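Listed below, chain by chain, are the residues.
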Amino acid sequence: MSDLASFRGDVRAFLDEHLPAELRVGYRPDLPEEPLRQWEAALAGRGWFTPEWPIEYGGAGLDPEQTAVLRAELRAARAPVESPTGLRLLGSTLLEFGTEEQKLQHLPGVARNEVRWCQGFSEPGAGSDLASLQCRAELDGDEYVINGSKIWTSLGSYAKYMILLARTATDGPNKYAGLSFFLSPMDVPGVEPQPIRKLTGEYGFCQTFFTDARIPASCLLGEEGGGWQVAMLTLTFERGATGGQAGGLSSMDMGVGDVVELARRAKRNGRPAIEDPLIRDELVKLVIESKGHQMMGARADVPALASDWPAATAMSGKLRGSELKRRMCKLAVSLQGANGARYVSADAIDGGMWQRSYFNAFSATIGGGTSQIQKNILGERVLGLPK
Ligand SMILES: Cc1cc2nc3c(=O)[nH]c(=O)nc-3n(C[C@H](O)[C@H](O)[C@H](O)COP(=O)(O)OP(=O)(O)OC[C@H]3O[C@@H](n4cnc5c(N)ncnc54)[C@H](O)[C@@H]3O)c2cc1C
């Protein structure tokens with residue numbers, strides 16, 4: 001047996017032992033607490049929240065092939081694996097720019113999924129045009145004093161730390177200069193997150209107000225004034241990731257196979273919807289796109305196909321994947337006919353997960369860069385089209 005096949009066997013045995021049937025439904029806000037806690041502790045114990053990170057920072061030191069096998073098995077088992085900001089964004093950025101002290105201070109807590117982080121980039125007047133942000137950080141002795149506000153902060157009310165992009169100088173040659181990147185504690189006086197209600201009815205994100213909030217100068221990541229370069233790396237990971245869900249809770253890692261299965265159960269004029277030629281046509285298109293998306297993802301692992309600009313495959317994947325998922329969920333809701341309007345009622349199909357997923361699916365087309373911005377970046381920087 002190859003090493004990889006034996007590793008797959010190891011993962012399956014782990015899943016048999018630690019993942020009970022009640023959790024094999026993907027990540028949902030209503031999962032039973034204690035079994036979920038035990039499952040996450042088991043996952044963290046193997047370093048499998050952050051499988052590719054070095055062991056000294058709480059990871060498992062897996063190579064890319066092993067990581068891919070692990071992810072595929074977790075997905076196939078519908079294991080609930082939260083992908084919070086700390087894991088997706090902070091970790092990779094800190095590994096690149098952090099001092100050894102910062103890495104050892106922050107990474108193990110993130111790897112165990114014990115310390116929650118949020119991202120403080122967007123402001124009411126600065127989203128797509130992020131470099132226009134106005135939140136100020138002024139050095140005063142050995143502290144920075146923060147004033148301003150951040151918005152759409154996913155999980156900001158629950159986070160212990162924020163990755164914060166703020167302006168430390170206003171007299172630079174352009175708007176990018178003078179931005180600095182901080183690993184900022186949320187539990188200091190003068191930091192106030194105010195929850196914002198989402199389309200789904202949940203409180204996934206908030207607006208965070210800073211009023212003379214003082215944070216240690218050692219919270220600076222990288223150079224003062226070098227925040228834009230750090231933030232760009234973070235955004236590369238975010239734009240290449242699966243996309244935000246305003247709370248990091250991916251309500252369901254469903255695939256097109258689940259929509260096909262729903263089409264078998266849902267009725268159209270008394271017949272299974274899958275027998276309707278128009279529905280079949282839609283399903284076939286989605287199956288083809290989904291397969292194409294999957295195969296494009298695999299290209300990222302083949303250096304010869306991803307050498308010009310390695311992030312291009314992942315970034316186009318975010319655009320394709322988020323838009324595909326939105327359309328997939330839309331079809332799943334429309335398959336339900338009038339029942340599609342039932343979202344929170346007891347008789348909602350599949351507990352209303354399709355409706356929740358459809359609402360949430362919009363978030364991934366906006367968070368981390370809207371689809372329009374992704375298209376601009378891909379057009380200009382990957383295809384070399386004129387601005
Ligand atoms: C679910 C979710 C979670 C989020 N989580 C966080 C978070 O944790 N932390 C954080 O800092 N931010 C977060 N955001 C904010 C997100 O990064 C911004 O919403 C996003 O960057 C868009 O900015 P905006 O909302 O200000 O829209 P705007 O930038 O005002 O854009 C409005 C519209 O104009 C279009 N547009 C703007 N500029 C251009 C252009 N040059 N060319 C073509 N079209 C353009 C956009 O595509 C969009 O359709 C989150 C957003 C969502 C939806």
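Residues numbered from 1 in each chain as written. Predicted model: local features only at pLDDT ≥ 70, side-chain atom pairs only at ≥ 80, totals over all residues.

## Comments concerning helix α7 (residues 256–265)
Phase 1: Those residues of α7 that fall on the buried side of the exposure criterion are V256, V259, L262 and A263. What you see down the axis of α7 is that its buried residues fit within an arc of 110°, all on one side. Opposite the buried face of α7, at more than 90 degrees from it, the exposed residues are G257 and R264.
Phase 2: Here the buried face of α7 lies against α8 (277–299) and α9 (311–335). (Buried ≥ 20, exposed ≤ 12 C-beta atoms within 10 Å, placed from the backbone. Helix = DSSP H or I, 4+ residues; strand = E, 2+ residues; numbered from the N terminus. Arc of directions from axis to C-beta. Contact = placed C-beta atoms within 7 Å.)

## A few points about the domain arrangement of the chain
Phase 1: Parsing the chain into structural domains produces domain 1 (3–82), domain 2 (117–226) and domain 3 (254–382).
Phase 2: The gap between the C-alpha centroids of domain 2 and domain 3 is 32 Å. (Domains from an automatic or database assignment.)

## Quick look at the nonpolar core
Phase 1: Within the largest apolar cluster, 52 residues are counted, with the highest numbers of intra-cluster contacts made by W117, I146, M162, I163, L165 and F182.
Phase 2: Of the domains in this structure, domain 1 (3–82) and domain 2 (117–226) are the two that each give at least three residues to this core.
Phase 3: With near-sequence residues (within four places) excluded, I146 lies in contact with C135, A137, A166, F210, A213 and I215.
Phase 4: Listed in part, the 19 residues of the second largest apolar core include V256, V259, L283 and L335. (Core = buried A, V, L, I, M, F, W, Y, C linked by C-beta atoms within 7 Å.)

## Regarding the site of the ligand
Phase 1: G127, S128, S363, T370 and Q372 are the nearest of the 22 residues found near the ligand.
Phase 2: Taken together, the elements giving at least two residues each to the shell around the ligand come down to β1 (117–120), β3 (143–154) and α11 (371–382).
Phase 3: Looking at the shell around the ligand, the element that brings in the most residues is β3, giving four residues.
Phase 4: Residue classes in the shell around the ligand are distributed as seven nonpolar, 14 polar and one charged.
Phase 5: The two domains that each donate at least three residues to the shell around the ligand are domain 2 (117–226) and domain 3 (254–382). (Near = placed C-beta within 6 Å. Nonpolar A, V, L, I, M, F, W, Y, C, P; charged D, E, K, R; others polar.)

## Focus: the pairing of strand β7 (residues 205–216)
Phase 1: As defined by bridge partners, β3 adjoins β7 across nine bridges and the pair is classed as antiparallel. Its bridge partner being in β7, Y144 is matched across the sheet by I215. (Pairing = 2+ DSSP bridges.)

## Observations regarding the packing of α7 against α9
The relative placement of two packed helices comes down to the angle between their axes together with the axis-to-axis distance.
Phase 1: Contact geometry of α7 with α9 gives a least axis separation of 10 Å together with a crossing angle of 10°. Classified by the angle between their axes, α7 and α9 sit roughly parallel to one another. Residues V256, V259, L262 and A263 of α7 pack against M328, L331, A332 and L335 of α9.
Phase 2: Looking at the contact of α7 with α9 residue by residue, the class counts come to eight nonpolar, no polar and no charged. (Axes fitted to C-alpha atoms, helices over the stretch in contact; angles between N-to-C directions. Parallel < 35°, antiparallel > 145°, perpendicular 65-115°, else oblique.)

## Structural notes on the pairing of strand β5 (residues 179–185)
Phase 1: Within β5, six of the seven residues are buried, which leaves it mostly tucked inside the rest of the structure.
Phase 2: Here strand β4 (residues 161–167) runs beside β5; their pairing, made up of seven bridges, is antiparallel. Among the inter-strand pairings, M162 is bridged to a residue of β5, identified as S184.
Phase 3: In this sheet, strand β8 (residues 220–221) lies alongside β5 in antiparallel orientation, the contact comprising two bridges. Note on β8: the bridge partner recorded for F182 is L220.

## Notes on the packing of helix α1 (residues 3–18) against helix α3 (residues 64–76)
Phase 1: Interaxial distance between α1 and α3 falls to 10 Å at its minimum, and their mutual angle equals 35°. Note on packing geometry: the crossing formed by α1 with α3 is right-handed. In this structure, α1 contributes L4, F7, R8, V11, R12 and L15 to the contact, and α3 contributes E65, Q66, V69, L70 and E73.
Phase 2: For the contact of α1 with α3, the residue count by class is six nonpolar, one polar and four charged. (Left-handed = near helix turned anticlockwise from the far one by under 90°.)

## A short note on unusual backbone geometry
Phase 1: With a phi close to 60°, N113 is a non-glycine residue in the positive phi region.
Phase 2: One non-glycine residue with positive phi stands out, namely W152, at about 60°.
Phase 3: When the 23 C-beta atoms within 10 Å are taken as the criterion, W152 is described as buried.

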